[in-house]
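Per-entry structural report
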Amino acid sequence: MADSLHKEFPSQVVSDLEKITNEYGLKVARAIELEWFDGPASNRYSKTQRKFHNLRLYARGEQSIQKYKDELSINGDLSYLNLDWTPVPIIPKFVDIVVNGMAGRNFDIKAYSQDQYGVAKRTDYMESMLKDMRNRDFNNQAKQDFNMDLYENDPEQLPETMEELRLHMQLTYKQEVELANEQAVNVLLQGSKYDLIRRRCLEDLTVLGMGAVKTTFDWSEGAKVQYVDPADLVYSHSDSPYFEDIYYIGEVKYVPINELVKEFPNLSPADLEDIDKKYNGLSHNRVDQHNKDRNKISVLYFNYKTYMNNVYKIKKTASGGEKAIPKTDRFNPPKEKQVDYVRMHKASEVLFEGAKILGTDIMLKWQKADNMMRDKSNFNKVKMNYSLVAPKMYKGRIESLVSRITGFADMIQLTHLKIQQVLSRMVPDGVYLDIDGLAEVDLGNGTNYNPQEALNMFFQTGSVIGRSFTQDGDSNPGKIPVQEISNGAGAGGKLQALIGNYNYYLQMIRDVTGLNEARDASTPDSRSLVGIQKLAAANSNVATRHVLDASLFLTVEAAEQISLRISDILEYSPTKDAFIQSIGAHNVATLDEMKELHLYDFGIFIELMPDEEEKQILENNIQMALQQKLIELDDAIDLREIKNLKMANQLLKLRRKKKADKDKELQQQQQQAQTQSNVQSAQAKTQGDMQKEKAKTDNQILLETEKNKLQMEFMKKEAQLKKELMDHEFEINTKLKRMEMTSKAEQEDRKDKREEKKSEPKFESSGNDVMGQGLDMDV
């Protein structure tokens, strides 16, 4: 079969009609198969499978123990070793630290409209804000004088500086169509259970050094994101960690025959019988040697990127206009006809989808993709359904955190086995008993001093009886008949050396991966300050940052592809109304905007939420600013709601500066108010004194006036009373005079007449003609 395979990919400069043929697709599939599956044991696919499988076993603490047996055996003989060969699960701990720590980092997907419609809306809004900012004083005066509101935006939310306006555009401004797209992407990701997919990708990036996802679309399930096992992938050579320059990519799936029938309903019973005969009848299977299930077929699904020409015949009409007529790429008008019509063409990338049963020449599918994903900003480019990333790849070689430490894990396992060996060969301490020395001992009381009695005395009392000289008087070489034998001194030293060796390789794992003790707080140093431990944990996070960045790259790629799929659904799918209702069920207000999503081109960004350490740093800044009264409580609430730490710090600086300016202005106002109050107090005091003096003068004048008035009234009353008294006195005197004159009339009639002529009678009272202030009324 290998001789029949083409060793090179077919030419891409052939005609479009040839590219869409099944024969062309078979040539592409054969070239992929030859590159990845050539040879039963040395092919690239099998090597990748074995490598990734071994790394996953190390990550689970289930690696093969044969290498350890070969290391400790003698010519393959293990009969003298009775050891526990179970691997020490060191690596799983470090894998869980990285994966669980990053899986807890939440994020938000942000959509940014970058087409002409979205840019125009954003520009108009910003210009209206600038207009209101420049005309603030005029608008306020118009509102005050004429009760006319000339603001185009809410004046309470209007920025005061350009820096504040930039932050407002980044933090606050959001178009409704952007919100609708974000909601649609989030709903589709949740429907795909992307949280679980992301966790598996994080584990693959940590263990294998590569992660992959795939977006699919069908009319029944809609757009979905699927997990892809990197061990099943095939792809063209790339030197980029992000694989943006690959022209084919695929994956191997083991599909049951019943599922194959449902996926490709055009297969006839004869075709299925031929597939079963050819596939399971192979003398050797170069792909799934471990697959013993005859009901499963190895199928290669792949995407192939090439280009096709969009050719048009531009013909001049009788009215003088031009008409474009689509043609095939083989259309080439002769020179004598180029006066009447010309050929126009534009090359654009296209994506073909193929499916081939490995080991056979049976092509299940070869067609141009129905829903190719294209950015509206660059419509000539096409995106593949797969997204790959290998952050530590160099010249096709992939490195991971686990691959760095497998050697140290092996040394830890060997050290663990050596410790078991030392422990198994350690014997307890013994006692040396000199029988000849005991024979020379005579207790003198008739009792026997035998070896058992000597041992009992030694173990119970720690004492022993001996003789320096024999009975013959010679020096006794066995004068100390009982002696201890220490058997564990050498073994104890070996054990301590092995424990030190174990800790050394464990520390090497920490040094190589950057996962220090502060990352998981397994053995924190009691003498280290809390800040130093947090700094060590932060440095450990930096050492594994590439894993987090790679997972975020996959998330961005998946979100962008989902966003493009949404545009295809809304523009071409007959089920778009049902799709809009399913998405908009969470927010009916976005339904109208969602219908226009296909007119927009969105840029997708990930806003990573800060971790607990970053939140604590921001909270410390907020608390310090609150204590020093640099910001208000409302500002602190707004800052805590911002998930972008950089934006939060910028807003904190802006609010602090704004608060300082406000406090300065308030202080100036208070000073002016105090000065004005002092002036007003002085003026009020002066005015009060003047009013007091004036009131005093007025009171004095009023008092004198009242006195004069009373005096005049008194004088008038007095004059009237004196006048009445004088009249009364005059009347009495008149009566008396008349009576006196009547009595004397008879006597001196003539004399009286003479007297009356000589003197007039006086009617004034004596002493009663003087008024109160010495006013004499006497004439």
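The structure this text deals with has already been given above.
Basis of the calculations
Counting of residues starts from 1 at the beginning of each chain's written sequence and follows it residue by residue. Reporting of local features is limited, given that this is a predicted model, to residues whose pLDDT is at least 70; pairs of side-chain atoms are given and counted only at 80 or more, and all residues count toward the totals for whole chains, interfaces and linings. With hydrogens and water excluded, all non-hydrogen atoms of the structure serve as input to the side-chain values. A helix here means a DSSP run of H or I that spans at least four residues, while a strand means a run of E at least two residues long, and both kinds are numbered starting from the N terminus. Contacts are assigned to residue pairs with any non-hydrogen atoms lying within 4.5 Å of each other. Accessible surface is estimated by sampling points in the Shrake-Rupley manner with a 1.4 Å probe; for residues, cover comes only from the protein chains shown. Put simply, the grid is 1 Å and covers the protein atoms alone, a cavity is a trapped set of points that fit a 1.4 Å probe, a pocket is an open set with protein on both sides within 12 Å along at least five of seven lines, and lining residues have an atom within 4 Å of a point. Grid points are joined across faces, edges and corners, and a volume is the space filled by probe spheres set on the points. Under the scheme applied, nonpolar residues are Ala, Val, Leu, Ile, Met, Phe, Trp, Tyr, Cys and Pro; charged residues are Asp, Glu, Lys and Arg; polar residues are all the others, including Gly. Salt-bridge detection follows one rule: a side-chain nitrogen of Lys or Arg within 4 Å of a carboxyl oxygen of Asp or Glu. Relative accessibility decides the category of a residue: with a 1.4 Å probe and only protein chains considered, values under 20% of the type maximum give buried, values over 50% give exposed, and everything between is partly exposed. A pair of Phe, Tyr and Trp rings is counted when the ring centres sit within 6.5 Å of each other, with Trp represented by its six-membered ring. The angle between the planes then sorts it: under 30 degrees is stacked, over 60 is edge-to-face, the rest tilted. Axes here refer to lines fitted to C-alpha atoms; in helices the fit is confined to the stretch in contact. Angles between the N-to-C directions go from 0 to 180 degrees. Helix crossings fall into two classes, left-handed where the near helix is turned counterclockwise from the far one by less than a right angle and right-handed where it is turned clockwise.

Before going further, it helps to examine the overall build of the protein. The secondary structure content of the protein amounts to 25 helices and 15 strands. Partitioning the contacts of the protein with sequence separation of at least 6, the portion at a separation of at least 24 is 73%. When the accessible surface of the protein is summed, it comes to about 47,400 Å², and 51% of that surface belongs to carbon and sulfur atoms.

It is worth spelling out the layout of surface pockets at this point. A water-sized probe rolled over the atoms picks out the places where empty space is left. The computed volume of the second largest pocket comes to approximately 840 Å³. Lining the second largest pocket are 30 residues, with Thr216, Phe217, Glu263, Glu353 and Lys365 positioned closest to its centre. Taken together, the elements giving at least two residues each to the lining of the second largest pocket come down to strand 2 (211-218), strand 5 (248-256), helix 11 (257-263), strand 6 (296-316), strand 8 (341-357) and strand 9 (363-368). Class assignment for the residues of the lining of the second largest pocket results in eleven nonpolar, eight polar and eleven charged.

In a structure, side chains of opposite charge can pair up when their charged atoms sit close to one another. Under the criterion given, the structure shown has 21 salt bridges. Of the charged contacts, one joins Arg56 and Asp229 as a salt bridge, the two residues approaching to 2.8 Å between their closest N and O atoms. Taken together, the residues Arg56 in helix 3 (residues 44-60) and Asp229 in the loop between strand 3 (222-227) and strand 4 (233-235) connect sequence positions 173 residues apart. Glu182 is the salt-bridge partner of Lys174, the closest N and O atoms lying 2.7 Å from each other. Residue classification places Lys174 among the partly exposed residues on the basis of a relative accessible area of 29%.

Enumeration according to the criterion identifies 16 aromatic pairs in this entry. Look at Trp36 and Tyr235: their rings are 5.3 Å apart centre to centre, the planes differ by 65°, and that puts the pair in the edge-to-face class. Taken together, the residues Trp36 in helix 2 (residues 22-37) and Tyr235 in strand 4 connect sequence positions 199 residues apart. For Trp36, a relative accessible area of 1% translates into the label buried. With 6.3 Å between their ring centres and 80° between their planes, Tyr247 and Tyr304 make a pair best called edge-to-face. In this pair, Tyr247 sits in the loop between strand 4 and strand 5 while Tyr304 sits in strand 6, placing the two residues 57 residues apart along the sequence.

Right, let's get into unusual backbone geometry. The phi dihedral of Asn147 falls on the positive side, at around 60°, and the residue is not glycine. Inspection of the secondary structure assignment puts Asn147 in the loop between helix 7 (136-146) and helix 8 (162-171). If you check the backbone angles, Lys193 has positive phi at about 55° while not being a glycine.

For the rest of this paragraph, the subject is the packing of helix 5 (residues 91-103) against helix 10 (residues 194-207). Where helix 5 contacts helix 10, the axes come no closer than 9 Å and their chain directions differ by 145°. For the pair helix 5 and helix 10, the crossing hand works out as right-handed. Contacts between helix 5 and helix 10 involve Val95, Val98, Val99, Asn100, Met102 and Ala103 from the former and Arg198, Arg199, Leu202, Glu203, Thr206 and Val207 from the latter. Split by residue class, the contact of helix 5 with helix 10 holds seven nonpolar, two polar and three charged.

Geometric descriptors of this kind do not, in isolation, establish any biological role.
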